[in-house]
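As a plain string of letters, each chain reads:
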Amino acid sequence: MIARAASGIVGAALVALAPLPALAGPEAGTVTLHQPPPRAPEDLQVLFWSDAERSARFRAMEQWFAGHEVPPAPAPRALPEGAQLAPELRAELEAVMAETNTAGLMVVQDGKVRFQSYRLGLGPDDRWTSFSVAKSFTSTLLGAAVKDGFITSLDDPVTKYIPGLAGSAYEGVSVKQLATMTSGVKWNEDYTDPASDVAQMNRFVVAYGPDAIVEQMKRLPREAEPGTKWVYKTGETNLIGVLVENAVGRPLAEYAKAKIVDPAGFAGPMFWMVDPRGGNIGGCCLSLRLADYARMGLFALEGGKGVVPEGWFAEAGAAKVSFAPQRPGFGYGYQWWAYPDGAYGAQGIFGQAITIVPAKRLVIAYVGNWAQASGGPERARLLALSQKIAASLD
């Protein structure tokens, strides 16, 4: 289930259209709009890039797609070296990285780096794309908007913040149901099917430009009562992005500067792709250094430094939807995947993840260029390895 759900992240998010100007806001002077050189449309089909192209371009997505550049935190969080993992475990990590085409992997416990390694031309100061790991960033900004009073409650109707959905299948759907992908709205995330909803996103972008997300989603039929059925929908995370931006009044990247980048202490700049509205793509496509993905994990592990409501990450990372009996202990929360024993994490296609194990005060971050977008065998192998790391620690 997890492998299939990860397969539809890219979709129409990666369309080379000139974005609208950024919205005004307190961080508007520090977040800049970056336009890449002109590219042929066929060169922007990420799922069809060769292995070599992915390894090079995942490190430089800003050269291919428009987006917001967000400067690092004024006071970056130090990540001191801690005691190294056992030699046998370090050797296994290096071997798995080589066998799976994982570009970077970092293990942090108690805020100290216990392992880090880089491959595929990636270095500590280089960025790597996230794909759907961005969903968990968008979830965090949803929490921040609740904390700041821009969103009154997760029980509010979605139409309160996206009036264009009034009268659609989203009528009566709550923000919480949108966050857990239990809206009951029908959606096909099969990227191999040219008629699927995720494949049709490009058509709506071309036809409707800035209105594409809402125009597509409001045409979808309802297949179940809200709250009764889970279906993975990249389109709904894009809706969360629209919802937060409507409520806050500025792009996700600007809000993230104040609510994630600075308090988490990111040491490098962040890049977040934009859509034709001039806002950021809620379901995809921000780029960070490996260590900053780890800092995001620490930010969540430590509760969010007052940026989100008390207990937000424990709530967001808990299984609101259970995948039992097929996968006991696994489920889905507020745009985070729930794992056994209270662990949770963010996942993106081609091998991107942040795994958080609160019981061991542990964060594992990795980025990669796996052979297949869904990375079924690789995902399972890295998750098992994360569990092995956690079991080895006090």
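As a further point, take the side chain of Glu 245. By the element assignment, Glu 245 lies in helix α8 (residues 234–248). In this structure Glu 245 comes out as buried when scored by relative accessible area, which is 4%.

This brings us to the packing of aromatic side chains. If you walk through the whole model with that rule in mind, you get 23 aromatic pairs. Aromatic rings pair up to connect Trp 49, Phe 58, Trp 64, Phe 65, Trp 128, Phe 131 and Phe 350 into one cluster. The ring of Tyr 334 has Lys 320 lying over it, and the distance from NZ or CZ to the ring centre is 4.9 Å.

Strand order in the open sheet made by the eight strands is β4-β3-β13-β12-β11-β10-β9-β8, with antiparallel pairing throughout. Strands at the two margins of the open sheet, each flanked by one partner only, are β4 (112–118) and β8 (321–322). Sitting on the sheet, helix α3 (residues 87–100) touches β3 (102–109) and β4, and the angle it makes with β4 is about 35 degrees. Taken strand by strand, helix α12 (residues 376–392) contacts β3, β11 (344–348), β12 (352–357) and β13 (362–368), and its axis lies near 155 degrees from that of β13.

Once that is clear, we can look at the pattern of salt bridges. This model, assessed by the stated rule, comprises 22 salt bridges. One salt bridge connects Asp 262 with Lys 257, and the closest N-O pair in it is separated by 2.8 Å. When its relative accessible area of 7% is taken as the criterion, Lys 257 is described as buried. The structure contains a network of salt bridges with shared partners spanning Glu 62, Glu 69 and Arg 127.

Here we come to unusual backbone geometry. Of the consecutive residues Ala 324 and Pro 325, the connecting peptide bond is found in the cis state with omega at 5 degrees. Secondary-structure assignment places Pro 325 in the loop between β8 and β9 (331–332). Unlike most non-glycine residues, Asp 341 shows phi in positive territory, near 60 degrees. Relative to the assigned elements, Asp 341 resides in the loop between β10 (337–338) and β11. We classify Asp 341 as exposed; its relative accessible area is 75%. Phi is positive for Arg 361, close to 55 degrees, though the residue is something other than glycine. Looking at the secondary structure, you find Arg 361 in the loop between β12 and β13. Accessibility expressed as a relative area gives 35% for Arg 361, which makes it partly exposed.

Another aspect to go through is α12. For α12, built from 17 residues, the straight-helix expectation of 24 Å at 1.5 Å per residue is met to within 8% by its first-to-last C-alpha distance of 25 Å. For α12, the set of buried residues is Glu 378, Arg 379, Leu 382, Leu 383, Leu 385, Ser 386, Ile 389 and Ala 390. On an axial view of α12, the arc spanned by its buried residues comes to 160 degrees, and they lie on one face. Residues of α12 that are exposed and point more than 90 degrees away from the buried face comprise Pro 377 and Ala 391.

For the rest of this paragraph, the subject is the sheet that holds strand β2 (residues 67–70). Taken together, the five strands give an open sheet; going across it, the order is β1-β2-β6-β7-β5, and neighbouring strands pair in antiparallel fashion. Lying at the two open borders of the sheet, with one neighbouring strand each, are β1 (32–34) and β5 (127–129). Going across the sheet, the axis of each strand differs from the next one's by a mean of 30 degrees, ignoring polarity. Alignment of β2 against strand β6 (residues 270–273), held across four bridges, turns out to be antiparallel. Within β6, the residue paired with His 68 across the bridge is Trp 272. The strands touched by helix α9 (residues 252–264) are β2 and β6; relative to β6, the strand with the most contacts, the crossing angle is about 145 degrees.

One pass over the full model with this rule turns up one disulfide. Bridging Cys 284 to Cys 285, the disulfide has an S-S length of 1.9 Å. Here the S-S torsion is close to 65 degrees, and the disulfide linking Cys 284 with Cys 285 is therefore right-handed. You'll find Cys 284 and Cys 285 in the same group, each marked buried.

About the cut-offs
Residues numbered from 1 in each chain as written. Predicted model: local features only at pLDDT ≥ 70, side-chain atom pairs only at ≥ 80, totals over all residues. Heavy atoms only, no water. Helix = DSSP H or I, 4+ residues; strand = E, 2+ residues; numbered from the N terminus. Buried < 20%, exposed > 50% of the residue type's maximum accessible area, 1.4 Å probe, protein only. Phe/Tyr/Trp six-rings, centres within 6.5 Å; stacked < 30°, edge-to-face > 60°. Lys NZ or Arg CZ within 6 Å of the ring centre and 35° of its normal. Pairing = 2+ DSSP bridges. Contact = heavy atoms within 4.5 Å. Axes fitted to C-alpha atoms, helices over the stretch in contact; angles between N-to-C directions. Salt bridge = Lys/Arg side-chain N within 4 Å of Asp/Glu carboxyl O. Expected span 1.5 Å × (residues − 1). Arc of directions from axis to C-beta. Disulfide = S-S within 2.5 Å.

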